[in-house]
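# Chain and residue survey
Below are the chains, spelled out letter by letter.
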Amino acid sequence: GGGGGGGGGGEGEAEEEEEEEPQGEMPSEKEPERDDSLAVFAGAKDGKALHSLSVHPKDPSIVACAGESDEIYITKDSKLVATLTGHTDTITLLEFSPDGTTLASGCMDNTVKLWDSEKWELLHNLQDLCGEIECLLWHSSSLMLVGGATDAQAVMWNVKKGTVAQYFVGHRAAVTCCNWAVDRKRLITASADGSVFVFNPKTAEAEVVFPTKDLSREQAGVTQLIDLSGNGDMWAAGCEDGSIHILSVAKGKVVAHLDNVHDQSIE
């Protein structure tokens, strides 16, 4: 009887144990303790969230921002000077070209739009990807733009013509990030399938492939890609499981694994 009572007490104590705090939840809204900003733009339609921002490379007083409202807001000295419309869903990416003449916008409506940054008029509506736009990357010449999407493809466009110059295929899930090697002769793409590809941008041939099994032990998606060496050889790939992996393009293999660096996705 005594033993049974003790067991019952144990069950009661177990039931009374506090539940763990949920992980990854957004903090509740609150007033900042201090505000050191020089100026504030708060003109998003209906107060909807802003998710993306790009600063003009030649005139840093010009800023483009966008988000859930389907609109792109162009500000100069924090004052609204233009509102660009045409997208039909949340705008996730904004990138000015290196020469500042063109603004590229990527959206969950599966399109990339190119805008003239003087007249703020639409130049091209690029509809060559069949998924939500995950990454945008300008070539240093400002003549080419690369985009990756959830349809597992990446595309390189001729910006002047608004036409496809190259398709890059091989990934089996969303293309989450991309980067140029320093000599611009290689395009490196990474995917939610956990793989990294090194493409020749002229031929679209995959010269080196780092398969999913060679990176994360959990086969987690790659979320970040950084050139470590400055010569296009050594790359760091961050993954959804918090691990980081060092890749050598010259050797064609992963040379180091940094596991359990973070508890959640590398961003």
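In this text, all values refer to a predicted model and were calculated from it rather than measured experimentally. For every chain, the first residue of its written sequence is number 1, and the numbers climb from 1 along that sequence. pLDDT decides what is reported in this predicted model: residues at 70 or higher carry local features, side-chain atom pairs at 80 or more are listed and counted, and totals for whole chains, interfaces and linings draw on all residues regardless. Each side-chain value is derived from all of the structure's non-hydrogen atoms; neither hydrogens nor water enter the calculation.

## Focus: unusual backbone geometry
- If you check the backbone angles, Asp70 has positive phi at about 75° while not being a glycine.
- Residue position: Asp70 is located in the loop between strand S2 (62–67) and strand S3 (72–76).
- Summary of the burial criterion: residues with accessible area below 20% of their type's maximum are buried, those above 50% are exposed, and those between are partly exposed, where the area comes from a 1.4 Å probe applied to protein chains only. Here Asp70 falls in the partly exposed class, since its relative accessible area comes to 24%. Strands here are runs of E lasting at least two residues and helices are runs of H or I lasting at least four, both read from the DSSP assignment and numbered beginning at the N terminus.

## Comments concerning the side chain of Asn200
- By the secondary structure assignment, Asn200 is in the loop between strand S15 (196–199) and strand S16 (206–210).
- According to the relative accessible area criterion, Asn200 is buried, its value standing at 18%.
- Within polar-contact distance, the side chain of Asn200 engages the backbone nitrogen of Lys202 at 2.8 Å.
- A distance of 3.3 Å separates polar atoms of two side chains, one belonging to Asn200 and the other to Glu207.
- We call two residues in contact when some of their heavy atoms are within 4.5 Å. Filtering out sequence-adjacent residues up to four positions away, Asn200 remains in contact with Phe168, Lys185, Glu205 and Glu207. Between N or O atoms, a polar contact is any pair within 3.5 Å; within protein, one atom must be a potential hydrogen donor and the other a potential acceptor, and residues adjacent in sequence are included only when both atoms are from side chains.

## Some thoughts on the pairing of strand S10 (residues 144–149)
- Burial analysis of S10 places five of its six residues in the buried class, the great majority of the element.
- Only when DSSP finds a minimum of two bridges between them are two strands counted as paired. Bridge analysis of strand S9 (residues 133–138) against S10 gives five bridges, and the strand direction is antiparallel. Residue pairing across strands places Cys135 opposite Gly148, the latter belonging to S10.
- Linking S9 to S10, which pair antiparallel, is a turn of five residues; within it Ser142 sits at a positive phi near 65°.
- As paired strands, S10 and strand S11 (residues 154–158) are joined by five bridges and run antiparallel to one another. Across the sheet, Val146 pairs through a bridge with Met156, a residue of S11.
- The turn linking S10 back onto S11 is made up of four residues, and Ala152 within it adopts a positive phi angle of 75°.

## Considerations on the sheet that holds strand S18 (residues 234–239)
- The sheet built from four strands is open, its strands ordered S17-S18-S19-S20 with antiparallel pairing. If you trace the sheet from one side to the other, it starts and ends with strand S17 (222–227) and strand S20 (253–258), each paired once. Averaged over all pairs of adjacent strands, the angle between strand axes in this sheet comes to 25°, irrespective of strand direction. What counts as an axis is a line fitted to C-alpha atoms, over the stretch in contact for a helix, and the angles between N-to-C directions run from 0 to 180 degrees.

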